[in-house]
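# A structural walkthrough
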Amino acid sequence: MMTFEGQQFGGPTNIIGKLRSIGQVKHDIKGMDVQPGANENCLIIFVTGAVKIGGDNPLHFCEMFQLIQTQPGSYYVHNDVFRLNYGM
């Protein structure tokens, strides 16, 4: 499951379709926090920074996602929440 700006996308086809529809993206990571999840096979990761979409001015963003281990050294993204941070 991925939530992007309040819209939810489920399943690989829908998630990849949304990511491709955004266009060229460049991230500038400013901070990252990692915590263990509810069990030993998952990690919770929170990232902040700036993102440029298609050469426009950078926008601040935050993203939280959960990685689940499938085997030693191999993970997949189980949940992903992305938000642009506009002037508040």
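Definitions and limits used
- Residues numbered from 1 in each chain as written.
- Predicted model: local features only at pLDDT ≥ 70, side-chain atom pairs only at ≥ 80, totals over all residues.
- Heavy atoms only, no water.
- Helix = DSSP H or I, 4+ residues; strand = E, 2+ residues; numbered from the N terminus.
- Buried < 20%, exposed > 50% of the residue type's maximum accessible area, 1.4 Å probe, protein only.
- Contact = heavy atoms within 4.5 Å.
- Salt bridge = Lys/Arg side-chain N within 4 Å of Asp/Glu carboxyl O.
- Pairing = 2+ DSSP bridges.
- Axes fitted to C-alpha atoms, helices over the stretch in contact; angles between N-to-C directions.

### Here's the deal with the overall build of the protein chain
Check the secondary structure of the protein chain and you find one helix and six strands. In the protein chain, the succession of helices and strands from N to C terminus is β-β-α-β-β-β-β. Taken over the C-alpha atoms alone, the protein chain extends approximately 40 × 30 × 25 Å along its principal axes. Across the 88 residues that make up the protein chain, the buried fraction comes to 25%. Considering only contacts within the protein chain whose residues lie at least 6 apart along the sequence, 29% involve residues at least 24 apart.

### Concerning the pattern of salt bridges
Counting across every chain of the model gives one salt bridge. Between Lys30 and Asp28 there is a salt bridge, with the nearest N and O atoms lying 2.9 Å from each other.

### Here we look at the sheet that holds strand 6 (residues 74–85)
Sheet architecture is open: six strands sit in the order 2-1-6-5-4-3, paired in mixed fashion. Strand pairing shows two members of the sheet lacking a second neighbour, strand 2 (7–9) and strand 3 (25–36), which therefore form its edges. In this sheet, neighbouring strand axes are inclined to one another by 25° on average, regardless of whether the strands run parallel or antiparallel. Where strand 1 (residues 2–4) meets strand 6, three bridges bridge the pair, whose relative direction is parallel. Counted as the bridge partner of Met2 is Asp80 from strand 6. Where helix 1 (residues 12–22) meets the sheet, its contacts fall on strand 1, strand 2, strand 3 and strand 4 (42–53), and the angle it forms with strand 1 comes to roughly 30°.

Worth remembering: the numbers are spatial, not functional.
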